[in-house]
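Close look at the chain arrangement
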Amino acid sequence: MDYSHVFHNDPETFVEKMRRDDKLPCEKVEPIPLDAPKKEGYTRFVCISDTHNLHRQMRHRVPDGDVLIHCGDFTDLGKLEEVEDFNDWLSTLPHKHKIVIAGNHELSFDERIMANVRKSKADGSYCRFKFLHVIPEDICKDWPKVLSNCTFLHDAEVTVNGIRLHGCSWNPEFGGWAFNERRGQPLLQCWNKIPEGIDILLTHSPPAGYNDTVDPHDMCVGDVDLTNAVQQRIKPKYHVYGHIHEAYGYTTDGKCNYINCTIVDRRHNPCNKPVIIDFPTPEGAEGMGPIIQH
């Protein structure tokens, strides 16, 4: 039985029933050591997420590679000075390509939030994010110009060395943060924007059942429709994300590899290691990209 349309709002029960029916395989994967040499003919991706302004305090060095991936929450509140500092830090890293998506803490990247901020400034109405009104409106409409040291993706695709990546920032509604959508049809519409044939999928939040449990009872909080979309339609070789700090890890269902690469733990201690993906470079594709498609 396909439970995905029954338990939109109950990922814990969805995972329990699917695992009972042996329809949601999940095995732990041992990550590539950070000092391991890259094999010839591969493109190396170095994956991190959820650095929360602590990028300069990471306990483990970010290893060299061809592409750096950051899956969001690089700031705490999306303030301009936070974004600028993160962009400056990116310039110190050796990776030829850097690909970044926003997370729920990048408040100013969500145009819906900023529209509310502008309204509150104009009419004096209440807005808990009113402090963001100091960010110039033209910047909010063109954050990639501020993030000049990376390729920023939201509902967009980039091809590097012939390898297709798609990035989006949507996450299940939680506390009124950025890129929140209700579970069920609203989030499903977001996932439906992701094309098939993607090699590496970047989201901020996890799918249900894979590195998505929260303390204290290891309860699954990932999105059911994202799991369904990944396994039945998109079928990427890797799905990389963060968001759930205590669920850092690397697992597989035998077809797709799932990587929660959050750097901070539950207490916002930046102690987790970056995760390496060595992806076979398609013949003749080395040196291609980045080519962006929206």
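Residues numbered from 1 in each chain as written. Predicted model: local features only at pLDDT ≥ 70, side-chain atom pairs only at ≥ 80, totals over all residues. Heavy atoms only, no water.

**Digging into the overall build of the protein**
What the protein contains, in helices and strands, is 7 helices and 17 strands. Structurally, the protein occupies a C-alpha span of about 55 × 45 × 35 Å along its principal axes. A total of 294 residues make up the protein; the buried ones form 57% of that total. Looking at the protein alone, contacts between residues at least 24 apart form 67% of all its contacts between residues at least 6 apart. Per element, the accessible surface of the protein, about 13200 Å² overall, is 49% carbon and sulfur. Between the mean site of the 33 positive side-chain charges and the mean site of the 44 negative ones, the protein shows a separation of 1 Å. (Helix = DSSP H or I, 4+ residues; strand = E, 2+ residues; numbered from the N terminus. Buried < 20%, exposed > 50% of the residue type's maximum accessible area, 1.4 Å probe, protein only. Contact = heavy atoms within 4.5 Å. Areas by Shrake-Rupley, 256 points an atom, 1.4 Å probe, with all protein chains shown as cover. Lys, Arg positive; Asp, Glu negative; His and termini not counted. Charge placed at Lys NZ, Arg CZ, Asp CG, Glu CD.)

**A word on helix α7 (residues 224-234)**
Across the 11 residues that make up α7, a large majority, 8, are buried. Within the span of α7, buried status applies to Val224, Asp225, Leu226, Thr227, Asn228, Ala229, Val230 and Ile234. Buried residues in α7 make contact with α1 (11-20), α6 (185-191), β10 (200-203), β13 (238-241) and β15 (257-260). Two to three positions downstream of the cap, the backbone nitrogen of Asp225 sits 3.3 Å from a side-chain oxygen, assigning the N-cap of α7 to Asp223. Lys235 sits one or two positions beyond α7 and adopts a positive phi of about 55°. (Polar contact = N/O pair within 3.5 Å; in protein donor to acceptor, adjacent residues only side chain to side chain.)

**Quick notes on helix α3 (residues 111-123)**
End to end, α3 covers 18 Å across 13 residues, agreeing with the expected 18 Å (1.5 Å per residue, within 8%). Buried positions along α3 lie against α4 (137-140). Directly after α3, the chain includes Gly124, whose backbone phi takes a positive value near 80°. (Expected span 1.5 Å × (residues − 1).)

**As for the UniProt feature "domain: Calcineurin-like phosphoesterase" (unreviewed entry) in the protein**
As recorded in UniProt, the sites labelled "domain: Calcineurin-like phosphoesterase" (unreviewed entry) are residues 44-246. In the segment residues 44-246, helix accounts for 25% and strand for 21%; the C-alpha atoms at its two ends are 25 Å apart. (UniProt positions renumbered as here; feature names shortened; annotations may be inferred.)

**Describing the packing of aromatic side chains**
To describe a pair of aromatic rings, you give the distance between the ring centres and the angle between the ring planes. Applying the stated criterion across every chain, the model contains 9 aromatic pairs. Pairing Phe109 with Phe152 gives two aromatic rings, centres 5.3 Å apart and planes at 55°, and the pair type is tilted. One end of the pair, Phe109, is in the loop between β4 (97-100) and α3; the other, Phe152, is in strand β5 (residues 151-152), and 43 residues separate them in sequence. Phe152 carries the same exposure label as Phe109, and that label is buried. Taking the centre distance of 4.0 Å and the plane angle of 10° together, the rings of Tyr210 and Tyr258 count as stacked. Here the residue Tyr210 occupies a position in the loop between β10 and β11 (213-214), and Tyr258 occupies one in strand β15, the gap between them amounting to 48 residues. Across the pair, Tyr258 and Tyr210 agree in class, each one buried. Geometry around Tyr210 places Arg19 over its ring, the cationic atom sitting 5.6 Å from the centre. (Phe/Tyr/Trp six-rings, centres within 6.5 Å; stacked < 30°, edge-to-face > 60°. Lys NZ or Arg CZ within 6 Å of the ring centre and 35° of its normal.)

**Concerning the pattern of salt bridges**
This model, assessed by the stated rule, comprises 16 salt bridges. Across the pair Lys119 and Asp123 runs a salt bridge whose closest N-O atoms are separated by 2.9 Å. Placement of the pair is Lys119 and Asp123 together in helix α3, with a separation of 4 residues, close to one helical turn. Taking relative accessible area as the criterion, Lys119 reaches 47% and is therefore assigned partly exposed. The partner of Lys193 in a salt bridge is Asp155, and the shortest N-O contact between them spans 3.6 Å. Residue Lys193 is found in the loop between α6 and β10, and its partner Asp155 is found in the loop between β5 and β6 (156-160); the two are separated by 38 residues along the sequence. Residue classification places Lys193 among the partly exposed residues on the basis of a relative accessible area of 48%. A cluster of three or more residues bridged by salt bridges with shared partners is formed by Glu111, Arg118, Glu137 and Lys141. (Salt bridge = Lys/Arg side-chain N within 4 Å of Asp/Glu carboxyl O.)

**Side note on unusual backbone geometry**
Backbone geometry at Asn53 places phi at a positive 70°, although glycine is not the residue there. Secondary-structure assignment places Asn53 in the loop between β2 (42-48) and β3 (67-70). Within the chain, His243 stands out as a residue other than glycine whose phi angle is a positive 75°. With respect to the helices and strands, the residue His243 is situated in the loop between β13 and β14 (249-252). On the accessibility criterion, His243 (16% relative accessible area) is buried.

**Comments concerning the sheet that holds β3**
Ordered in space as β5-β4-β3-β2-β16, the 5 strands form an open sheet in which the pairing is mixed. Each edge of the sheet is formed by a strand with only one pairing partner; in this case those strands are β5 and β16 (275-280). The sheet contact formed by β2 and β3 spans 4 bridges and is parallel. Paired with Cys47 across the two strands is Ile69, which belongs to β3. Strands β2, β3 and β4 of the sheet are contacted by helix α2 (residues 80-90), whose axis makes an angle of about 155° with β4. (Pairing = 2+ DSSP bridges. Axes fitted to C-alpha atoms, helices over the stretch in contact; angles between N-to-C directions.)

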